[in-house]
Amino acid sequence: GCLINGVAFKPKGSLFGPPSLQCAYQYLNGGYYFQLGASDDLHSISVGTDSLKIKENTTYQLLSFNNAGVASGQYNYYGGTIIPPVHTNPLYPGSLSITKYDSINQIVSGTFWFNVVYNNDTVRITNGRFDMHYTL
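Being a predicted model, the structure only gives us computed values, none of them experimental. (Residues numbered from 1 in each chain as written. Predicted model: local features only at pLDDT ≥ 70, side-chain atom pairs only at ≥ 80, totals over all residues. Heavy atoms only, no water.)

Student: Looking at this structure, I do not really get the overall build of the chain. What am I missing?
Tutor: Along its length, the chain carries 0 helices and 11 strands. Beginning at the N terminus, the succession of helices and strands in the chain can be written as β-β-β-β-β-β-β-β-β-β-β. Here the chain has a C-alpha radius of gyration of 14 Å; the compact-globule value for 136 residues is 14 Å, and the two agree. In the chain, buried positions account for 40% of the 136 residues. Put simply, 53% of the contacts in the chain that link residues at least 6 apart link residues at least 24 apart. For the chain, the accessible surface area stands at approximately 7800 Å², while carbon and sulfur atoms represent 53% of it. The chain carries 7 positive and 7 negative side-chain charges, and their two centres are separated by 5 Å. (Helix = DSSP H or I, 4+ residues; strand = E, 2+ residues; numbered from the N terminus. Rg over C-alpha atoms; globule rule 2.2 N^0.38 Å. Buried < 20%, exposed > 50% of the residue type's maximum accessible area, 1.4 Å probe, protein only. Contact = heavy atoms within 4.5 Å. Areas by Shrake-Rupley, 256 points an atom, 1.4 Å probe, with all protein chains shown as cover. Lys, Arg positive; Asp, Glu negative; His and termini not counted. Charge placed at Lys NZ, Arg CZ, Asp CG, Glu CD.)

Student: Is there a simple way to think about the environment of N5 in this case?
Tutor: Mapped onto the elements, N5 comes out in the loop between β1 (2-4) and β2 (7-9). The exposure class assigned to N5 is partly exposed, which follows from its relative accessible area of 44%. It is 6.1 Å that separates the C-alpha atoms of N5 and V123, two residues lying 118 residues apart in sequence.

Student: Explanation requested: the nonpolar core in the structure shown.
Tutor: Grouped burial of nonpolar side chains is what soluble globular proteins tend to show. F34, I45, Y75, F112, F114, I125 and F130 are the most contacted members of the largest nonpolar core, which has 28 residues in total. The leading source of residues in this core is strand β10 (residues 107-118), at 5 residues. Each residue touching Y75, except ones within four places of it in the same chain, is listed here: I4, H43, S44, I45, P85, V86, F114, V116, Y118, V123 and I125. (Core = buried A, V, L, I, M, F, W, Y, C linked by side-chain atoms within 4.5 Å.)

Student: What's the story with the pairing of strand β11 (residues 121-133) in this structure? I'm lost.
Tutor: Taken residue by residue, a regular strand's side chains alternate between the two faces of the sheet. As defined by bridge partners, β1 adjoins β11 across 2 bridges and the pair is classed as antiparallel. Within the sheet, the bridge partner assigned to L3 lies in β11 and is T126. By the bridge criterion, 11 bridges tie β10 to β11 in an arrangement that is antiparallel. Looking at β11, one finds that N115 is bridged to R124. Adjacent in sequence and paired antiparallel, β10 and β11 are bridged by 2 residues, among which N119 carries a positive phi angle near 55 degrees. (Pairing = 2+ DSSP bridges.)

What follows is the structure in structure tokens.
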């Protein structure tokens, strides 16, 4: 879970399905990719790495999206006008801290926060935390 502008966000399903919560850590095309995503009926949030191996007790800056060797955060709002998702960048960064990484049992835990500009407003994603089994 996390806070979106101070309001509690927890992944939950819609009338048509279970909660949308996913975590993956894969080695593809010569790089490691970590992805954590959650959504409800109105919001989706994700943090991840691009060609960047994660390590326990390490903090990563959430900067540019889709650039090798960096991590990023993403936010989308589904209510009203359809606007493409927005990502962290050097002006609106964040951080992802990996507090536990167990490759044998495929468990990863940590915290995150980031800010993005969405529809001319700053959206603050704070107090993010996770403790997940990941898929390969």
